[in-house]
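What follows is the residue order along each chain.
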Amino acid sequence: RKAAESELDQEIKEVVLAVPISFGDTERKATVKIAEAAGIHVKLIDEPVAGIYHYSSLDDLNGKVCMVFDLGGGTLDISVVYVSNHQITVLAEVGEMLGGSDFDKAIEKYIREKYLREVILEADEEAQLASSVENAKIRLSQTESKSSRIMLMTSEGRKSISFSLEEMKECTSGLMNHIRGK
């Protein structure tokens with residue numbers, strides 16, 4: 001709140017906060033309670049709906065039914081909405097606990113089985129692997145790159161792994177099939 005007030009140079013008393021669809025009554029009430037304790041009145045909206053509001057021009061979507069797919073760090077939220085005269089009507093929505101962290105785990109498992117089968121990692125090396133895997137996933141997802149390097153310093157020495165886009169597709173295919181409903 002303080003950072004936003006400083007940036008905007010005004011007091012903030014009301015906010016709209018996007019939450020995962022999978023948030024139940026308990027999580028939603030707790031979120032509102034925390035905001036109110038900070039002196040903020042909060043209106044909660046589901047994350048995919050926030051995505052539609054963020055869209056650069058609702059005029060482009062006027063009179064259309066849209067599906068918003070939000071695969072975040074820990075949740076998958078999907079909303080089907082109708083846009084009319086800058087009003088958004090939610091027609092259907094579903095959410096589940098599946099997200100980017102599940103993709104990270106699948107890639108990490110693949111890397112361990114294919115490239116680190118005989119290597120025992122210390123706790124700090126485990127953290128380094130997790131961070132390197134997430135960075136590789138992001139690079140391969142955001143660019144036209146066909147591969148990404150994963151560098152690890154282990155007690156057994158330096159490991160350099162070339163991880164390809166094809167390998168990423170292979171080791172996450174089960175998750176993608178689940179998302180597609182196959």
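The structure we're discussing is the one just above.
Scope of this entry: the structure provided in the associated data block.

Each value, and the rule that gives it
- Residues numbered from 1 in each chain as written.
- Predicted model: local features only at pLDDT ≥ 70, side-chain atom pairs only at ≥ 80, totals over all residues.
- Heavy atoms only, no water.
- Axes fitted to C-alpha atoms, helices over the stretch in contact; angles between N-to-C directions.
- Helix = DSSP H or I, 4+ residues; strand = E, 2+ residues; numbered from the N terminus.
- Parallel < 35°, antiparallel > 145°, perpendicular 65-115°, else oblique.
- Left-handed = near helix turned anticlockwise from the far one by under 90°.
- Contact = heavy atoms within 4.5 Å.
- Nonpolar A, V, L, I, M, F, W, Y, C, P; charged D, E, K, R; others polar.
- Pairing = 2+ DSSP bridges.
- 1 Å grid on protein atoms, 1.4 Å probe; cavity = no way out; pocket = protein on both sides within 12 Å on 5 of 7 lines; lining within 4 Å.
- Points joined across faces, edges and corners; volume = space filled by probe spheres on them.
- Expected span 1.5 Å × (residues − 1).
- Buried < 20%, exposed > 50% of the residue type's maximum accessible area, 1.4 Å probe, protein only.
- Arc of directions from axis to C-beta.

Moving on: the packing of helix α4 (residues 100-115) against helix α5 (residues 123-142). Two elements in contact, α4 and α5, have axes whose closest approach is 9 Å; the angle formed by their N-to-C orientations is 115°. One way to sum up the angle between α4 and α5 is to call them roughly perpendicular. Relative to α5, α4 is oriented so that their crossing is right-handed. Contacts between α4 and α5 involve Gly100, Phe103, Asp104, Ile107, Glu108, Ile111 and Arg112 from the former and Glu126, Leu129, Ala130, Val133, Glu134 and Lys137 from the latter. Grouping the amino acids of the contact of α4 with α5 by side-chain chemistry returns six nonpolar, one polar and six charged.

This part is about the pairing of strand β5 (residues 87-96). Two elements, strand β4 (residues 76-84) and β5, share nine bridges in a ladder whose sense is antiparallel. Note that in β5 the partner of Tyr82 across the bridge is Thr89. Here β4 folds back onto β5, and the loop between the two strands holds two residues, one of which, Asn85, carries a positive phi near 50°.

A separate point is the layout of surface pockets. Computed from the structure, the largest pocket encloses a volume of approximately 290 Å³. In this structure, the largest pocket is lined by 16 residues; those nearest its centre are Phe103, Lys137, Ser141, Met168 and Thr172. Counting only elements with at least two residues in the lining of the largest pocket, the list comes to α4, α5 and α6 (165-171). Considering every element that reaches the lining of the largest pocket, the biggest residue donor is α5, with five residues.

What follows covers the environment of His178. Here His178 shows up in helix α7 (residues 173-180). In sequence terms His178 and Leu98 are 80 residues apart; their C-alpha atoms lie 9.8 Å from each other. Setting aside anything within four residues of it in sequence, one finds His178 in contact with Glu96 and Leu98.

For α5, spanning 20 residues, the distance from its first C-alpha to its last is 29 Å, which sits close to the expected 28 Å at 1.5 Å a residue. When α5 is considered as a whole, its buried residues turn out to be Glu125, Leu129, Ser132, Val133, Ala136, Lys137 and Leu140. The buried residues of α5 occupy an angular sector of 140° when the element is viewed end-on, so they sit on one face. In α5, the exposed positions angled more than 90 degrees off the buried face are occupied by Ala123, Asp124, Ser141 and Gln142. Taken together, the buried residues of α5 touch α4, β6 (147-154), β7 (157-164) and α6.

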